[in-house]
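# Architecture at a glance
One letter stands for each residue in the lines below.
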Amino acid sequence: MQILRVQVVLLWLLSDSSCALGGKVNKHKPWIETSYHGVITENMETVLLDPPLVALDKDAPVPYAGEICSFKIFGQDAPFEAVVLNRTSGEGILRASSHVDCENQKEYTFIIQAYDCGDGPSGANWKKSHKAVVHIQVDDVNEFSPVFRESLYKASVTEGKIYDSILQVEAWDQDCSPQYSQICNYEIVTGGTPFAIDRNGNIRNTERLSYEKQQSYRIMVSAFDCGQKKAKEDVVVHIEVKPVCKPGWQGWNKRVDYEPGTGSKQLFPKMHLETCGGPLSGVKAMVELQTNHIGKGCDRETYSEKSLQKLCGAASGSTDLLPAPSPSANWTASLLTDSGRESDLIYRFDGNQAANVPDHVVPQNLTDQFTIATWMKHGPSPGLRAAKETILCNSDKTEMNRHHYSLYVHNCRLVFLLRRDFTQIDTYRPAEFHWKLEQICDKEWHYYVINVEFPAVTLFVDGVTYEPYLVTDDWPIHSSKIDTQLTVGACWQGGEVATPRFTQYFHGSLSGLTIRPGRIETQKVISCLQACKEGLDINSLESLAKDIKFHFNPAQSVLVLEGEDVDSINTAMTKVSYINSRQFPTPGLRRLHISTSVQCFGEDTCVSIPDIKAMVMVLPPSEPTITISGSKQLVRPASDLRSPLGVAPFKELRITSTVMKGDSFGGFHRPGVMELMHNLDYCDVLVIGEELEPERESLEIHHSALLGKHLDATNSTSGISIYGVDSMAHYEQVLRQLRYRNWRPGSLTERRFRLTCSELNGRYTSNEFNLEVSVLHHTAPMEHVNHMAAQAQYMRPVHHPLMIHSLNSHMSGPAPPAATVVIVVCIAALVIIVVIGIYRIHAAHQEGSRDDEDEIKDPESDWESSGLNITVNPMEDIRGPQAHGKAVRGEECEEEDDEDDAELVGGMTMVESDSSDEEEEEENKGRGEVNGRKQKGKPEWDSSCGTY
């Protein structure tokens, strides 16, 4: 084809060459092909044309007329230009004049013509060729990545099914060519998922999905075009697994964390009942809180039995038969205890332990009204006919084997035996009272109270009243002089056997066994003593539907909800809450069990609802740090100890409690200390060293200090114990009014005490606060003392108020404060000191020495009568360090005296305050009369505030 085209052109040129030589110069038009096809790659300039761009002119080789000067393009916005490469040969090229983008336009068609150079250099009389059509195709470059049409794809499937296609993802490409604009492949980027995807973007599951195993999947998918260019961003596909419609509760959490002190917390805020669309006529749900493993059946206050009774308003006079082992209560030391019960004192009896209660502890006369109470956990006894298991027994100590009263378990029956003496009654009367209850052998904790109003006996179990199902009568016991023995955990057999021994051992656990003679316990107190501090609750009762019925058991551990509508039941269940009112609850798990029954129209039951098992995790509370602070040394003259009121060792006492709390600030978690207010249940003041001697000293507290508080106190030679559940402020008030007296302190130099306080029966204890009370005694007269050089041992600072005698002993009314005298002395300075020193020397010679053991005199009188010689250096500046010390000490003493006077009065009752004022006034008058005759007009100094 190309050869034929060249031959035609040559013949055309030869045929006209002779004419050109003999005629006009530019006779012929240029010649080009009629059509061209070209290809250009986008973003490039050169166009590849077929055939090449060449223009021929028959006027050749005539200059100008036979040459090609230009190519011109005609077309709408064709971004191309034609350039002549060789004018003689007529060769040219086609190139892009601007950016060519396939995505904007894939093809271009335009007209091109060739122009010769005319007659001469001016280009006149030029000729142009015919019009040729040029068709240009733009080749694509794979410059774009695939893009997904959606930013997120969602789908849901039902568990247990295999799907051919769950959903289809789709991506596209902006490139213009089919090669680069088509998506040839998809790929799941997330590994280890039970899904696959085909080249069309269809996602399917490769295995059966389980809702219980996983409720949702999040996978990442990418796409590739046919040029294998990967998508820049993967797409997220979220697939939710729906369970096969199974009737049951949905939307609940298996574990609920409970923060102490947060009140009532919802257990199932998003719970709802799925019934799979069946029509229902009624729903009944029972929520049970299982706390049998916590303490004595649930979270109760773990205070001591005495403190609990005081807190609940029980009458005083009860005897704790199972107290914590101590020097004063050592009969329980050999018994087995259950540890790790958050200060719950629990004794475990395995059939080999028992304890004899000392005679001085046992109530001697129970009277016709008395109460026996105990916590008991007991299971079935082994054997067909089990032996008696004695909880409490009062029997003959020797010679005979008579049981005067006892409480025992026999064949899962609780029996109370009460045999009266002939001196009390002489007729056939009730003696044995039997109760048959499931609680006795269910291996759970229960609170048993037996109220005796002879001949009637009533049993309370967990606050519920039970009458005996069997009462047997018997004759009274003949009176005798045989002593009796009270035993816990067995019965004492002291007679009719060769060797006295225990018998009828108890198998189980006991706690808080008490007996109170003279009165019975009220229902209110019994309910308070056994009340649980945790339980179920319902928030916003007013928001419940009218058709909802609900009721709790007495312990609020079981809640039953009934309704006709599923939506009403769902709303009610979201209101079910857990609450623990203890400030420091027992941490750990509480199990929840929910059982549900559904009724359909015309049928008893139509849908089976599986039971739910969940748990409440009570988080550990922030442990408080109880701190006792105050002055650790108290220095007082012997006369203060001999006074009727004695001294108050803990007047400056302060009890605080702090916990560590974390706070978030600026993204950081910082621990901090926060003061906490809570109760205490006892404070013990122990004497360190030798015990108190009752014939010469005492540590006591006035009964009026306990009035209006839930507190009581017991004291002994080893110290004093204040107990009862009450605030730290009340304990502070009582301890500040504690008084120590010693009416013969001649040889006593110091007494040391140790104070400790507790919350929750020792679960949280304070620091050991040690206090020393030092006694100031007067010293023998000295020949010469330079007060400026040395300070006498009896002149050391004493932090207590001392009375200052009036300048005029005949004046009536209160004496001026000691600080005023010190300030006057400081202002008078050296002259007054010299005068007073001379006067004291003169008075000492007149009075002579006095008796050292005179109990009427105070420290000031001893100081005055000591016959001291005062030597004053007149060259020393009164404004030196000593003078400055006097001024400072004077101000301190003034403040201390004011505070001590105020506290002393505030710590007494009005009667005590008035009487003490009268005593002090009379004492001051007496001193004024004695000292006024010999030291008239002479001021006396407070030795605790003087600086020499």
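Quick caveat: nothing in here was measured; it's all calculated off a predicted structure. (Residues numbered from 1 in each chain as written. Predicted model: local features only at pLDDT ≥ 70, side-chain atom pairs only at ≥ 80, totals over all residues. Heavy atoms only, no water.)

## Comments concerning helix 5 (residues 566–574)
Convention followed: Burial classes follow relative accessibility: with a 1.4 Å probe on protein chains only, a residue under 20% of its type's maximum area counts as buried, one over 50% as exposed, and anything between as partly exposed. Secondary structure elements follow DSSP: runs of H or I of four or more residues count as helices, runs of E of two or more count as strands, with numbering from the N terminus. Here a polar contact is taken to be a pair of N or O atoms separated by no more than 3.5 Å, where protein atoms must pair a possible hydrogen donor with a possible acceptor and residues adjacent in sequence count only if both atoms sit in side chains.
Burial within helix 5 is extensive, with seven of its nine residues counted as buried. The backbone nitrogen of D567 has a side-chain oxygen 3.2 Å away, supplied by the residue at the start of helix 5, namely D565.

## Thoughts on the sheet that holds strand 28 (residues 403–410)
Heads up, the rule is: Strands were regarded as paired on the criterion that DSSP finds at least two bridges between them. Convention adopted: a line fitted to C-alpha atoms gives each axis, helices being fitted over their contacting stretch, and angles between N-to-C directions are expressed from 0 to 180 degrees.
Overall, antiparallel pairing links the seven strands, which are arranged 25-35-27-28-29-30-34 in an open sheet. The open sheet terminates on both sides in strands that have one partner only, identified here as strand 25 (355–357) and strand 34 (470–474). With direction set aside, neighbouring strand axes in the sheet form an average angle of 20 degrees. Sheet topology places strand 25 next to strand 35 (residues 484–488); three bridges connect them, and they run antiparallel. For N356, the partnering residue across the bridge sits in strand 35 and is T487.

## Brief notes about the sheet that holds strand 13 (residues 195–197)
Pairing in this open sheet of three strands is antiparallel, and the strands run 10-14-13 from one edge to the other. For this open sheet the edge positions go to strand 10 (167–168) and strand 13, each flanked by a neighbour on one side alone. Bridge count between strand 10 and strand 14 (residues 202–205): two bridges; the pairing is antiparallel. Across the sheet, residue Q168 finds its bridge partner in strand 14, namely N202.

## Description of the pattern of salt bridges
Inclusion rule: Any carboxyl oxygen of Asp or Glu that lies within 4 Å of a side-chain nitrogen of Lys or Arg is treated as forming a salt bridge with it.
With the rule as written, the count across this model stands at 18 salt bridges. Across the salt bridge formed by D396 and R402, the nearest N and O atoms sit 2.8 Å from each other. On the accessibility criterion, D396 (0% relative accessible area) is buried. Here R402 falls in the buried class, since its relative accessible area comes to 14%. The shortest N-O distance in the salt bridge between E521 and R516 comes to 2.4 Å. Salt bridges sharing partners connect three or more residues here, namely D299, E301, E534, R582 and R590.

## A closer look at unusual backbone geometry
Here the amide bond leading from D50 into P51 is cis, since omega sits at 0 degrees, within 30 degrees of zero. Along the chain, P51 falls in the loop between strand 2 (48–50) and strand 3 (68–74). Along the chain, A60 connects to P61 via a cis peptide bond; the corresponding omega equals 10 degrees. Along the chain, P61 turns up in the loop between strand 2 and strand 3. Even without being glycine, Q228 reaches a positive phi, approximately 65 degrees. With respect to the helices, strands and loops of the structure, Q228 is situated in the loop between strand 15 (216–225) and strand 16 (235–242). A positive phi is found at N761, a non-glycine position, where the angle reads about 60 degrees. Along the chain, the position of N761 falls in the loop between strand 54 (750–759) and strand 55 (764–765).

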